[in-house]
Amino acid sequence: MTATLLPLDKIDPVTAWQPWRPSPADPWGRKWAGHLYRRAAFGPAREDLTEAEQLGPAGILDLLLGGRPGADETLRTIVDIGQVAAAREDGEDQMRSWWVYGMLQGGHPLREKLVLFWHNHFATSIAKVHRPGLMFRQNCVLRDHALGRFGPLLQAISRDGAMLLWLDSNSNVKGKPNENYARELMELFSLGVGNYTEKDVREAARAFTGWHTDGEGFRFNPGLHDGGPKTVLGKTGSWDGGDVVRVILEQPATARFLVRKLYTFFVSETPPPDALLEPLCESFRKTDYDVAGLVRTMLASRHFYSDHAFRRRIKSPVEYVLGAVRAVYRRYAETDPEYRPLPQQVLVPRVTAMGQSLFAPPNVKGWPGGRAWLNTSTMLERANFAAALATGTLWTVPPSATDTAADAAPPRALDPARLPAEERATRPEDIADALLDLYVPGGVRPDARAKLVAFLAAGNPAGAALDGRVREAVHAVLAMPEYQLA
Amino acid sequence: MFTRRQFLTRTLRGSSLVALGTVVPQFIAQTARAAAPGKDRILVVVELAGGNDGLNTVIPYADDLYHKARPTLRRTKDTVIRLGDHVGLHSGMRGMQALWDQGHLAVVQGVGYPNPDRSHFEAMDIWQSADPKRATPTGWLGRASAGIDNRSGGVPALHIGPGRLPMALTGAPGGAVSVGDQNSFRLEMGRGGADRQADRRKLLGELAAPAGGPGEYDLLSFVQRRQVQTLTAVEDLRDLLEGPNAVRGYGGGLQQKLQLVAGLIARGFGTRIFYASLDGFDTHADQASSHQRLLAELADAVGSFFQALKTTGHDGRVQLLTFSEFGRRVQENGSRGTDHGAASCLFVAGPAVRGGVVGRHPSLSDLDAGDLKFHTDFRRVYATLLDGWLGCESKAVMGDQWGHVAELEPKG
């Protein structure tokens, strides 16, 4: 597939970002619907793929960008619950579980995906902030602006209580500036390394003097603010922090920095040449940093629906765990006897062990992502999670010794062995294809498929033994290399 | 120590390993070739993350300018562990005093590089890639492992810690291994009969195996290699961590991490580059107590590490290097802390080290924008350890031939 792929620097940047249209040679189907769902959401459930196939790429993208009907209403409830969760004594763990619930069942996964992006971009850790309530409020700020404009978001985050604590703003005072926020603002939040000088950092820090927090929210302390003139990025004035943010937003480097980061998040982890991103940067600037517009352009484009983007990212732990759960879980109607709620709280320690502790990124640069997600330790966590999810031990807390020896079935709503019946697949080949079509739509290496078929066929299992065999196969599929790619 | 036969049986025992494709035969060949107990030299690198305040680590207690610059953080003549008439170690570092007294500790002062970067991330990457121009995407230890005869079970370099693989270890052929302290390092199979285990492990190995082809694109091959490596390392480490003579002290802080390294060395695991880190040195505010605690954790860990190695008779083939991304500003800030600085000190420890203070303390009157000036480029330290200790050509690792720091050449 790569043999015919045009090198990134040979692609015409203008046509690359034009909307993709399915063709007989490259039709809309599960491969591309799954691709979109992995990027714009947390992976597809079986029903999502069926729906997406019917709606087509434009219809499903509209649905993802706007959220499901009623998602706004749901959000109000979710936010209320979050407030309560954060106030509890074990608020830190409660909040992680709360957010995972919102990602899985909030009705607006793309919005939550962007909240995750911004959480990583403005990486703030509860390890230093200590207050779940402040972390919760920051999470809400990120959500309010997730698909909005970057300018207001950057202004809001500069006055965010958790951020002010995180980067030592209270010790930034007239005469003794603390450069922490000013530096990260330029290096990591907007301009990127190489687009400002050490002097810009020092001057900007002066502008932020007196931008303090009382432990709840933003509090300006005029007595400790340096009101004198500063020169930042070549412009001079008697500025405060808001002015510095404004000057930063006027810099073309800001759009370039953000577009590149969003491209890595949504399209591909293979670094693109600047020229390929230039049309996006231009419209991002022209639209006053309209994030939703930029994301729509990316996710509708010919470049997105190409081998330059297909499986060109490594799933983050959140994407890996939630994606696997969405594929395994079936949400029956609550009146159906098969209905089971999804106990999302058991997912949180798994995601953490894979290296992504929500609300606690490793440092202000966030999770490095990409290949760094996969080392021997985290790879093993993924494989062990796959076994627990596929065979059902994930949901039994704590799993008893006798339980693991038995061939007990998980509840149907949480049982991946439902799939053959749902797809009316009985032959090993058909069962293998049904599994691959749901978990890795777009196919896998032919010899890997052959091994899977042979595994399912060995000894001709039937009935409960076949169900057990299917679960074992799902374990292997969730652990396989293709499944690690988004 | 393992015999060649034990290595082979252990390696081939898991049926999954037989089916792991092209990577494994090479790994077995390597193991077989190297199964004789090695007397290879080992380098352990300890990263002090956050920017250690070198000025309050190796303290110029006799310098008035020091006391002026550090009105609340200063340590006096009576409280330091004196290394001579001019400098002394912070009193938290008593755990390393025995190493100093025995002449097993080199204290290298004024280490840095031109145009120092004061961003944590940039500076950390510079130290780890050994490239201040930031043009090199891989780490110095990862690249070095390519040139080192690797006698371990396919693990050229081992990172002990829960986080991501440090940049310093990236670029190792076959990939360096990270051992977290959160998981038990066991391959779980969930629910299912014991009779199914072998078939299931075999399938995991088969699905991970490289399909064999230049047709496969990079990212997928990368994941495949990672997976094969994980399955093999799991088998191998399990034995060391939970076998009949399990290595003790797994999990926890720096002391436990280094104890695990000492145990692995004693058991003949064969990896020659180990890496662990201690975080928390970004002491912008109220530095005194946290810095004391961190230095004590470092010194106790390093001291007991060499004690453990001495007991098993392996101390002579181990050197330990500490580093941090930068030192801190000479003048303390208004929050009884210190801000990001430049040049700093580092330690090289081990019985094969020529103990003593290396280089003069940087001047406190001749500063660069409030920061200490370096006189010893850190790449000279690396070159000395690579050429002189690990027997790995430093020019191949760093591109240029850096002069050695004579005092850091190994004894004998």
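Residues numbered from 1 in each chain as written. Chains lettered and ligands numbered in written order. Predicted model: local features only at pLDDT ≥ 70, side-chain atom pairs only at ≥ 80, totals over all residues.

1. Brief notes about the overall build of chain A
In step 1: Helix and strand counts for chain A stand at 24 helices and 4 strands.
In step 2: Expected size for 486 residues packed as a compact globule is a radius of gyration near 23 Å; at 24 Å, chain A falls within 12% of this value.
In step 3: Within chain A, the fraction of its 486 residues that count as buried is 52%. (Helix = DSSP H or I, 4+ residues; strand = E, 2+ residues; numbered from the N terminus. Rg over C-alpha atoms; globule rule 2.2 N^0.38 Å. Buried ≥ 20, exposed ≤ 12 C-beta atoms within 10 Å, placed from the backbone.)

2. Topic: the overall build of chain B
In step 1: Within chain B, the secondary structure is distributed over 13 helices and 12 strands.
In step 2: Here chain B holds 412 residues, and 56% of them are scored as buried.
In step 3: Excluding contacts between residues fewer than 6 apart, the proportion of contacts in chain B whose partners are at least 24 apart in sequence is 72%. (Contact = placed C-beta atoms within 7 Å.)

3. Quick notes on the interface of chain B and chain A
Many authors give the size of an interface as the accessible area that is lost as the parts come together.
In step 1: Each side of the interface is counted separately: chain B has 47 residues, and chain A has 57 residues.
In step 2: When residues of the side of chain B that touches chain A are traced back to their parent elements, those giving at least two are α6 (120-129), β7 (177-179), α8 (197-208) and α9 (218-242) of chain B.
In step 3: The element best represented in the side of chain B that touches chain A is α9(B), accounting for 11 residues.
In step 4: Within the side of chain B that touches chain A, the residues separate by chemical class into 20 nonpolar, 18 polar and 9 charged. (Nonpolar A, V, L, I, M, F, W, Y, C, P; charged D, E, K, R; others polar.)

4. Digging into the pairing of strand β8 (residues 273-279) of chain B
Residue and element names in this part refer to chain B.
In step 1: Along β8, 5 of the 7 residues are buried, which leaves the element largely enclosed by surrounding structure.
In step 2: Across 7 bridges, strand β1 (residues 42-49) lies against β8 in parallel orientation. For Val-44, the partnering residue across the bridge sits in β8 and is Phe-274.
In step 3: As paired elements, strand β6 (residues 157-160) and β8 share 3 bridges and run parallel to each other. Opposite His-159, over in β8, you have Tyr-275 as the bridge partner. (Pairing = 2+ DSSP bridges.)

5. Let's talk about the confidence of the model for chain A
In step 1: Chain-level statistics for chain A give a pLDDT mean of 95 and a share of 97% at 70 or above.
In step 2: For residues 398-405 of chain A, every residue scores under 50 in pLDDT, and the model assigns this stretch 7 contacts once sequence neighbours within four places are set aside. (pLDDT = per-residue confidence, 0-100.)

6. Things to note about the environment of B:Asp387
Residue and element names in this part refer to chain B.
In step 1: Following the sequence through the fold, Asp-387 ends up in helix α12 (residues 378-390).
In step 2: Under the C-beta neighbour-count criterion, Asp-387 is labelled partly exposed, with 18 such atoms within 10 Å.
In step 3: It is 9.1 Å that separates the C-alpha atoms of Asp-387 and Glu-409, two residues lying 22 residues apart in sequence.
In step 4: For Asp-387, the residues in contact, after removing those within four places along its chain, are Glu-393, Ser-394 and His-404.

7. Some points on the environment of A:Ala45
All names here are of chain A.
In step 1: With respect to the secondary-structure elements, Ala-45 resides in the loop between α2 (30-40) and α3 (46-66).
In step 2: Using a count of 21 C-beta atoms within 10 Å as the deciding quantity, one classes Ala-45 as buried.
In step 3: Separated by 118 residues in the primary sequence, Ala-45 and Met-163 place their C-alpha atoms 36 Å from one another.
In step 4: Setting aside chain neighbours within four positions, we find Ala-45 in contact with Arg-326 and Ala-327.

8. Digging into helix α17 (residues 317-328) of chain A
In step 1: Under the 1.5 Å per step criterion, the end-to-end length of α17(A) is 17 Å for 12 residues, consistent within 8% with the ideal 16 Å.
In step 2: When α17(A) is considered as a whole, its buried residues turn out to be A:Pro317, A:Val318, A:Glu319, A:Tyr320, A:Val321, A:Leu322, A:Gly323, A:Ala324, A:Val325, A:Arg326, A:Ala327 and A:Val328. (Expected span 1.5 Å × (residues − 1).)

9. Things to note about α6(B)
All names here are of chain B.
In step 1: Most of α6 is tucked away: 8 of the 10 residues are buried.
In step 2: Check the buried side of α6 and you find it contacts α7 (140-146), β9 (318-324) and α12.
In step 3: Of the residues one or two after α6, Ala-130 is the one with positive phi, at around 60°.

10. Considering the nonpolar core
In step 1: The biggest cluster of nonpolar side chains holds 261 residues, and the ones touching the most others in it are A:Ala204, A:Val259, A:Leu389, A:Leu435, A:Val477 and A:Leu478.
In step 2: Counting residues per element, this core draws most heavily on helix α11 (residues 287-312) of chain B, at 10 residues.
In step 3: There are two domains that each give this core at least three residues, and those are domain 1 (1-37 + 197-248) and domain 2 (42-181 + 250-408) of chain B.
In step 4: Every residue in contact with A:Val477, bar those within four places of it in the chain, is listed here: A:Leu435, A:Tyr439, A:Val440 and A:Tyr483. (Core = buried A, V, L, I, M, F, W, Y, C linked by C-beta atoms within 7 Å. Domains from an automatic or database assignment.)

11. Looking at the sheet that holds strand β3 (residues 81-82) of chain B
Strand pairing within a sheet occurs via backbone hydrogen bonds; the two strands may be parallel or antiparallel.
Residue and element names in this part refer to chain B.
In step 1: The antiparallel open sheet is built from 3 strands, whose spatial order is β2-β4-β3. The sheet is open, and its two borders are formed by β2 (58-59) and β3, each paired with just one other strand.
In step 2: The pairing of β3 with strand β4 (residues 88-89) spans 2 bridges and is antiparallel. Across the sheet, the residue bridging to Ile-81 is Leu-89, located in β4.

12. Topic: the confidence of the model for chain B
All names here are of chain B.
In step 1: Per-residue pLDDT for chain B averages 84, and the proportion of residues at 70 or more is 82%.
In step 2: Predicted confidence is poor over residues 1-39, with pLDDT under 50, and the contacts of this stretch with residues over four places away or in other chains come to 63 contacts.
In step 3: Confidence metrics for the complex model read pTM 0.76 and ipTM 0.93.

13. A closer look at the packing of helix α24 (residues 464-479) of chain A against α8(B)
Helix-helix packing: each pair is described by the crossing angle between the helix axes and the interaxial distance.
In step 1: Close contact between α24(A) and α8(B) brings their axes to 9 Å; oriented N to C, the two are set at 30°. As summarised for this structure, α24(A) and α8(B) are arranged roughly parallel, according to the angle between their axes. For the pair α24(A) and α8(B), the sense of crossing is right-handed. Contacts between α24(A) and α8(B) involve A:Glu472, A:Ala476 and A:Ala479 from the first element and B:Arg200, B:Leu203, B:Leu204 and B:Leu207 from the second.
In step 2: Residues that form the contact of α24(A) with α8(B) fall into these classes: 5 nonpolar, no polar and 2 charged. (Axes fitted to C-alpha atoms, helices over the stretch in contact; angles between N-to-C directions. Parallel < 35°, antiparallel > 145°, perpendicular 65-115°, else oblique. Left-handed = near helix turned anticlockwise from the far one by under 90°.)

14. Remarks on the environment of A:Lys199
In step 1: Within the fold, A:Lys199 resides in helix α12 (residues 198-207).
In step 2: Measuring from C-alpha to C-alpha, the distance between A:Lys199 and A:Ser377 comes to 42 Å, with 178 residues separating the pair along the chain.

15. Comments concerning the packing of helix α11 (residues 180-190) of chain A against α12(A)
All names here are of chain A.
In step 1: The contact between α11 and α12 brings their axes to 8 Å, and the two run at 125°. Relative to α12, the element α11 lies oblique. The two elements α11 and α12 cross, and the hand of that crossing is right-handed. On the side of α11, the interface is formed by Ala-182, Arg-183, Leu-185 and Met-186, while α12 contributes Asp-200, Val-201, Ala-204 and Ala-205.
In step 2: Taken together, the residues of the contact of α11 with α12 sort by class into 6 nonpolar, no polar and 2 charged.

16. Thoughts on unusual backbone geometry
In step 1: In the Ramachandran plot, A:Asp288 falls in the positive-phi region, its phi being about 60° despite a non-glycine side chain.
In step 2: Relative to the elements of secondary structure, A:Asp288 occurs in the loop between α15 (274-286) and α16 (291-300).
In step 3: A residue is classified by how many C-beta atoms lie within 10 Å of it, and A:Asp288, with 12 of them, is exposed.
In step 4: The backbone of B:Arg336 sits at a positive phi, close to 55°, despite the residue not being glycine.

17. Re the pairing of strand β10 (residues 344-349) of chain B
Consecutive side chains along a regular strand alternate between the two faces of the sheet.
Residues and elements named next belong to chain B.
In step 1: Most of β10 sits inside the fold, with 6 of its 6 residues counted as buried.
In step 2: Pairing between strand β5 (residues 105-112) and β10: 5 bridges, direction antiparallel. Its bridge partner being in β10, Val-108 is matched across the sheet by Leu-346.
In step 3: Judged from the 2 bridges that link them, β9 and β10 form a sheet pairing that is antiparallel. The residue bridging Leu-320 from the neighbouring strand is Ala-349, located in β10.

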